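Chain residues, written in single-letter form:
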Amino acid sequence: MRIRILGSGAGGGLPQWNCGCANCRAVRAGSATIRARTQDSIAIEATAGSWVLCNASPDIRQQIESFSELHPKSSRHSPISAIVLTNGDLDHVLGLFSLRESYPLVVYATEAVWRGLVDHNALMRTLHRFEGHVTWRALVPGIETPIAGRNGPPALWITPRAVKGKSPVHLEGVAASTPDQNVGLWMRDAQGASAAYVSAVADLDDVIPHTAGLDALLLDGTFWSSDELSRPGLSSSRAEDMAHLPIGDRGGSLEQSARLAARRRIYTHINNTNPILVDGSPERDAVQAAGWHIAWDGMEIVLPEEPRPSIKRP
């Protein structure tokens, strides 16, 4: 199994278009201690030349163009065999509308996520331009699903697990809030490599019991602290209001590191304000000292590899 981090940032990326925080200013100034990030998405290759996307961020076109293995190999072709959605947040689904140019798509999502897309979104009509333009295949929490895509038999199996989150903002008060609005993805390939991708989670109760034996865990690293946005006056919302467990607070994911039994632990979906983005910051040093890696755009993880999976660095 090969995992490519297409985007490692939270919604808005880094720099965020309307943000003048210290991190965004540093990226715009060309600082060597921090790098730009596009919005959260990963690609998984379980069969050579066939890729499965997990989430389709608003930056998907840029992410595809920056990775030659996702380029078409003929006049109308894509190595992307399927797209799997973890929730219906705009930063995870808007990229679908950048993939509308009369090419068939296979989308895996829970019923709640799919219904949120098709029942309350007139823009979905642009993905119904011909019969079979988009094929939806249901993800059912707790049930392993073969990810077949368009290009032959499955080589990747995904078990979605409901994890504590919230309905997308645009569906609040419109659609019922159900547990399958937000899932983590537990993945395995035919050779036995395994990984979990949990990019948004409010607590770890539904995650910890399923981490033993994992080769890699990609976990929600959105905020360092609960008041990361409210303290400097960037927002009135706290991390918990947005269903993200902070890394560094008491009871946060850093404190619970020892309970997350994966062989590799990687923070992704990192907000532009998070101090772990800065090389040499005390917060970055703390997570690295605890054995965590910090995702970047273009990071690759190859599983399994003894004694540990490899992480390719630029």
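Residues numbered from 1 in each chain as written. Predicted model: local features only at pLDDT ≥ 70, side-chain atom pairs only at ≥ 80, totals over all residues. Heavy atoms only, no water.

A. Quick peek at the overall build of the chain. Helix and strand counts for the chain come out as 5 helices and 15 strands. Scaling as 2.2 N^0.38, a compact globule of 314 residues should have a C-alpha radius of gyration of about 20 Å, and the chain matches this with 18 Å. Its C-alpha atoms put the chain at 55 × 45 × 40 Å along the principal axes. Split into buried and exposed, the 314 residues of the chain put 54% on the buried side. Taking the contacts inside the chain whose residues are at least 6 apart along the sequence as the reference set, 65% of them involve residues at least 24 apart. Between the mean site of the 30 positive side-chain charges and the mean site of the 33 negative ones, the chain shows a separation of 4 Å. (Helix = DSSP H or I, 4+ residues; strand = E, 2+ residues; numbered from the N terminus. Rg over C-alpha atoms; globule rule 2.2 N^0.38 Å. Buried < 20%, exposed > 50% of the residue type's maximum accessible area, 1.4 Å probe, protein only. Contact = heavy atoms within 4.5 Å. Lys, Arg positive; Asp, Glu negative; His and termini not counted. Charge placed at Lys NZ, Arg CZ, Asp CG, Glu CD.)

B. Just the pairing of strand E3 (residues 50-54), in detail. Taking burial as the measure, the 5 residues of E3 include 5 buried ones, the bulk of the element. Neither face of E3 is exposed, since Ser50, Val52 and Cys54 on one face and Trp51 and Leu53 on the opposite face are all buried. Sheet topology note: the strand E2 (residues 41-47)/E3 ladder contains 5 bridges and is antiparallel. Each residue of the ladder has a partner; that of Ile42, found in E3, is Cys54. The antiparallel pairing of E2 with E3 creates a hairpin that spans 2 residues between the two strands, and Gly49 there sits at a positive phi of about 85°. Bridge count between E3 and strand E4 (residues 80-84): 4 bridges; the pairing is parallel. The residue of E4 that forms the bridge with Cys54 is Val84. Considered for its hand, the β-α-β crossover made up of E3, helix H2 (residues 60-65) and E4 is right-handed. (Pairing = 2+ DSSP bridges. Right-handed = clockwise from strand over helix to strand, strands pointing away.)

C. How the structure looks around the nonpolar core. Core analysis: the biggest nonpolar cluster contains 30 residues, and Leu219 and Val287 have the highest contact counts within it. Those elements that place two or more of their residues in this core are helix H1 (22-28), strand E10 (194-198), strand E11 (216-220) and strand E13 (292-294). Residues in contact with Val287, not counting those within four places in the same chain, are Trp224, Ile247, Leu254, Tyr267, Ile276, Trp292 and Ile294. Formed by 29 residues, the second largest nonpolar core is a distinct cluster that contains Ile3, Ile147, Ala195 and Ala216. (Core = buried A, V, L, I, M, F, W, Y, C linked by side-chain atoms within 4.5 Å.)

D. Here's a closer look at the side chain of Thr211. Within the secondary structure, Thr211 sits in the loop between E10 and E11. Within the structure, the side chain of Thr211 is placed 3.0 Å from the backbone nitrogen of Ala261, a separation counted as a polar contact. Contact partners of Thr211, with chain neighbours within four places excluded, come to Leu217, Arg259, Leu260, Ala261 and Ala262. (Polar contact = N/O pair within 3.5 Å; in protein donor to acceptor, adjacent residues only side chain to side chain.)

E. Looking closely at the pattern of salt bridges. For the structure shown, the criterion picks out 11 salt bridges. Here Arg2 and Glu300 are joined by a salt bridge, their closest N and O atoms 3.0 Å apart. Taken together, the residues Arg2 in strand E1 (residues 2-7) and Glu300 in strand E14 (residues 300-302) connect sequence positions 298 residues apart. The exposure classification of Arg2 matches that of Glu300, with both residues buried. Linking Asp279 and Arg284 is a salt bridge whose minimum nitrogen-to-oxygen distance equals 3.2 Å. (Salt bridge = Lys/Arg side-chain N within 4 Å of Asp/Glu carboxyl O.)

F. Looking closely at helix H4 (residues 111-119). The complete set of buried residues in H4 reads Ala112, Val113, Trp114, Gly116 and Leu117. Buried residues along H4 sit against helix H3 (90-93), strand E5 (105-110) and strand E6 (134-139).

G. Layout of the environment of Pro141. Topologically, Pro141 is positioned in the loop between E6 and strand E7 (145-146). On the accessibility criterion, Pro141 (34% relative accessible area) is partly exposed. Each C-alpha atom, one on Pro141 and one on Ile34, is 37 Å from the other, the two residues being 107 residues apart in sequence. Those residues in contact with Pro141 that sit more than four places away from it in its chain are Thr110, Pro160, Ala162 and Asp180.

By themselves, these observations are geometric and do not establish any function.
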